[in-house]
Amino acid sequence: MTYPLQTCCSFNRKATCTGAWESTLTNTLSPGDKIIVPCLGQFAVIWINLMKRLNFDVDVIESEWGEGVNLDILLQKLQADRSHAVKAVCVVHNETSTGVTNDLGLVRKSLDEAGHPALLLVDGVSSVGAIDFRMDEWRVDVALTGSQKALSLPTGLGIVCASPKALEACKHVKSTRGYFDWREYLECYKAGTYWPYTPSVQMLYGLRASLDLILKVEGLENIIARHLRLAEATREAVKAWGLTVSAKKPEWDSAVVTGVVVPPWLDSNDVIKIAWKKYNLSLGVGLGKVAGKLFRIGHLGYMNELQLLGALAGVELSLKDVGYPVVLGSGVAAAQGCLSKQTPLIASRL
């Protein structure tokens, strides 16, 4: 996994990830600029709505929720744009509403095959720090994330990483910018003061501690492997329950969240409510088009094998309580079988 250390500039702001989205769009694009964006889940929908409110010309590639980016249509659109009217391709790397991860390497391949100069802007909110992310190799122009996901901090810090190409675009675009104006931050960087406004100092201390845990204690590669391991164990549990995951193909399976599709006769909100009210277990609701059709099990951030097994046990109890014919212990046992084979010894305790 490669992260940009020499070839980009990072901006940290008091904001949620929605603020990071707005920062990215307004600093790299002008009103009326054309954007291609795949829509395959609720967070893509929210991003698209923001683009429209900011007066960009949004060309949406619709996909069935549970699928990844339709790369054939993306390539066709890029090849057809001979005048290079499209200024950016915006992709949600990991769509948490459906438990789908997109292959950014193939998105970059589509841009290169079409010989298209559009910026590649990536929502890495739930992927950066947990899923393989190669900003330099995939030539991502802007990657954004937030403090509350893989960094395991409270919500409130929007993090934006911009390539030299994106920083050059920032000098010329015409979007109205205020609090999120990158130019003011860059001037402060040059002056050695770093922030034009009062920073969230406590969040920055927390970020420093989080990065130390990631880079110096567990190690980034080990963290990525842990997320893959927990995700596979969760999918084995879902299979043992006789249910299916929401990702339509294995190559789209997310390493950080698993969407569990319930039978048509069952409302997934009932599972979520009983889990919370009876077992103090917080499951993710189905959002947008999949509301009531699935619930989501998160395995993201500072989480280990035993925590996951406890959560899976709580899901089984909740399914039993709402009338689903689950065999108690079946999913937990399936996950245990997966984890016992794959979990390594803790490096710091060797």
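See the structure shown above.
Along every chain, residues carry numbers that run from 1 in the direction the sequence is written. Whole-chain, interface and lining totals are the exception, using all residues; otherwise, since this is a predicted model, local features are given only for residues with pLDDT of at least 70 and side-chain atom pairs are given and counted only at 80 or more. Each side-chain value is worked out from all heavy atoms of the structure, with water and hydrogens disregarded.

The subject of this paragraph is the pattern of salt bridges. For this document, the term salt bridge refers to a Lys or Arg side-chain nitrogen within 4 Å of an Asp or Glu carboxyl oxygen. Counted by the stated rule, this structure contains 16 salt bridges. Among the salt bridges present, the one from Lys248 reaches Glu64, with a minimum N-O distance of 3.3 Å. Separated by 184 residues along the polypeptide, Lys248 in the loop between strand E10 (244-245) and strand E11 (257-261) and Glu64 in the loop between strand E3 (57-62) and helix H3 (71-80) bring together distant segments of the chain. Think of it in three bands: residues with accessible area under 20% of the maximum for their type are buried, residues over 50% are exposed, and the middle band is partly exposed, with areas taken using a 1.4 Å probe on protein chains only. Glu64 sits in the partly exposed class, given a relative accessible area of 45%. Asp132 is the salt-bridge partner of Arg134, the closest N and O atoms lying 2.8 Å from each other. Residue classification places Arg134 among the partly exposed residues on the basis of a relative accessible area of 28%. Through salt bridges with shared partners, one network takes in Arg108, Asp112 and Arg139. In DSSP terms, a helix is any run of H or I states spanning at least four residues, a strand is any run of E spanning at least two, and both are numbered starting from the N terminus.

This next bit is on the packing of helix H8 (residues 220-240) against helix H11 (residues 330-342). Relative orientation and spacing of two packed helices are given, respectively, by the angle between their axes and the distance between those axes. The axes are straight lines fitted to the C-alpha atoms, using for helices just the contacting stretch, and the angles between their N-to-C directions are given from 0 to 180°. Remark: H8 packs on H11, axes separated minimally by 7 Å, with the N-to-C direction vectors making an angle of 150°. Classified by the angle between their axes, H8 and H11 sit roughly antiparallel to one another. Classified by chirality, the crossing of H11 by H8 is right-handed. Judged by residue contacts, Arg229, Leu230, Glu232, Ala233, Glu236, Ala237 and Ala240 of H8 engage Ser330, Gly331, Ala334, Ala335, Cys338, Leu339 and Gln342 from H11. The residue inventory of the contact of H8 with H11, partitioned by class, reads eight nonpolar, three polar and three charged. Comment on the angle field: the value is read as roughly parallel under 35 degrees, roughly antiparallel over 145, roughly perpendicular from 65 to 115, and oblique elsewhere. Crossings are sorted by hand: turned counterclockwise from the far helix by less than a right angle, the near helix makes the crossing left-handed, and turned clockwise it makes it right-handed. Whether two residues are in contact is decided by their heavy atoms, any of which lying within 4.5 Å being enough. Note on residue classes: Ala, Val, Leu, Ile, Met, Phe, Trp, Tyr, Cys and Pro are nonpolar, Asp, Glu, Lys and Arg are charged, and everything else, Gly too, is polar.

Pairing of aromatic rings covers Phe, Tyr and the six-membered ring of Trp, with a centre-to-centre limit of 6.5 Å; geometry is then stacked below 30 degrees between planes, edge-to-face above 60, and tilted otherwise. Applying the stated criterion to the full structure yields eight aromatic pairs. Pairing Tyr179 with Tyr197 gives two aromatic rings, centres 5.4 Å apart and planes at 35°, and the pair type is tilted. One end of the pair, Tyr179, is in the loop between helix H5 (164-170) and helix H6 (182-191); the other, Tyr197, is in the loop between H6 and helix H7 (201-218), and 18 residues separate them in sequence. Classification of Tyr179 as partly exposed rests on a relative accessible area of 32%. The partly exposed category is assigned to Tyr197, whose relative accessible area is 32%. For the ring pair Tyr194 and Trp195, a centre distance of 6.3 Å and an interplane angle of 55° mean the geometry is tilted. An aromatic cluster is present here, built from Tyr179, Phe180, Tyr185 and Tyr197 joined pairwise through their rings.

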